[in-house]
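Architecture and fold: a report
This is what each chain is made of:
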Amino acid sequence: MQSTDDSLPRPKVSLEPEEGWHCQHWFYRFDRARLRTLGPAEHGDGCRDFCGILDAQSPEAPARLQTFLVMGHKADFGIMMLDPDPLKLDRVHQRLLAGLLGPTIEPMWSFVSMTDVSEYLPTVDDYADRLRREGLEPESQEYVQRRQQYAKRYEIMRRQRLQPDLPNWPAYCFYPMNKRRLPEANWFLLGFEERDRLMREHGETGLAFAGKVTQLVTVGIGLDDWEWGVTLWARNPQFLKEIVYRMRFDEASARYAEFGPFYTGYQATPQQILCQCRVCG
């Protein structure tokens, strides 16, 4: 029998990331034929149960939970959840299927990912190097002030990427994406400086939509079939169309990006979902 030495340090075992949160996107459809088999009492109790499970203010709810209607044939509604504990996210899905309306709910698609700080986000030291390249002396007042201002912004940007607050803007869009690994266009064989240049160009296009569209990119590498998931929120659905079209012309997208299915819709409460889908009045 192999001996063990309890004095040796053991690696910390945890389902919580060292930084950031787990994220899950789920998309569902109602089975209308099954819904018609429910009696009035089952129907009413099921609707109340559904709303309770998806109540973002419930003590059992994850740190972030949004629900939305989905347009088109792919699904009727969707949920987006984030929390340090992946099992807490999974429990929402399991409770939904085990609930009173569970037999009438069909999962259509999902994406499992984690929040992350992009390697292309300049650190405070990166920003300081840029200031020096612009000719500012580290002892100058302008250098010190701009460095301090960026340091504050950097911490805000890091927190928003790792533990994001989800905007309450009405229009919603989610899609997964990969970076190509083709002989003539292999993203992962490019050097960091070239990838950084392409992503800065891509980001500048997005800045034109500041105040109209906001996004969260989560990482599915090692967790799901697609490498990244992009969630967009907009003040108007027109802005979703415009930003995706404009960004398709950036080289980072035109040459190196592959896209999965798009799920678009509008934020809605659980009760609004049931009313819109003619499940409960």
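Throughout what follows, the structure given in this document is the object of discussion. (Residues numbered from 1 in each chain as written. Predicted model: local features only at pLDDT ≥ 70, side-chain atom pairs only at ≥ 80, totals over all residues. Heavy atoms only, no water.)

This part is about the environment of aspartate 55. The topology assignment puts aspartate 55 in the loop between α2 (40-53) and β2 (64-70). When the C-alpha atoms of aspartate 55 and glutamine 271 are compared, they prove to be 9.9 Å apart, with 216 residues separating the residues in sequence. In contact with aspartate 55, not counting residues within four places along its chain, are Ala61 and Leu65. A distance of 2.9 Å separates the side chain of aspartate 55 from the backbone nitrogen of glutamine 57, its partner in a polar contact. (Helix = DSSP H or I, 4+ residues; strand = E, 2+ residues; numbered from the N terminus. Contact = heavy atoms within 4.5 Å. Polar contact = N/O pair within 3.5 Å; in protein donor to acceptor, adjacent residues only side chain to side chain.)

On to the packing of helix α6 (residues 192-207) against helix α7 (residues 237-247). At a minimum axis distance of 10 Å, the contact between α6 and α7 shows a crossing angle of 155 degrees. Taken together, the axes of α6 and α7 are roughly antiparallel relative to one another. The two elements α6 and α7 meet at a crossing, and its hand is right-handed. Taking contact as the criterion, the partners of His202, Thr205 and Gly206 in α6 are, on α7, Ile243, Arg246 and Met247. Split by residue class, the contact of α6 with α7 holds two nonpolar, three polar and one charged. (Axes fitted to C-alpha atoms, helices over the stretch in contact; angles between N-to-C directions. Parallel < 35°, antiparallel > 145°, perpendicular 65-115°, else oblique. Left-handed = near helix turned anticlockwise from the far one by under 90°. Nonpolar A, V, L, I, M, F, W, Y, C, P; charged D, E, K, R; others polar.)

Another point: the layout of surface pockets. Counted as a void, the second largest pocket has a volume near 240 Å³. Around the second largest pocket, the lining comprises 13 residues; the ones closest to its centre are Ala56, Leu65, Gln66, Thr67 and Gln267. Per element, the largest residue contribution to the lining of the second largest pocket is four residues, and it comes from β2. Of the residues in the lining of the second largest pocket, the class split is six nonpolar, five polar and two charged. (1 Å grid on protein atoms, 1.4 Å probe; cavity = no way out; pocket = protein on both sides within 12 Å on 5 of 7 lines; lining within 4 Å. Points joined across faces, edges and corners; volume = space filled by probe spheres on them.)

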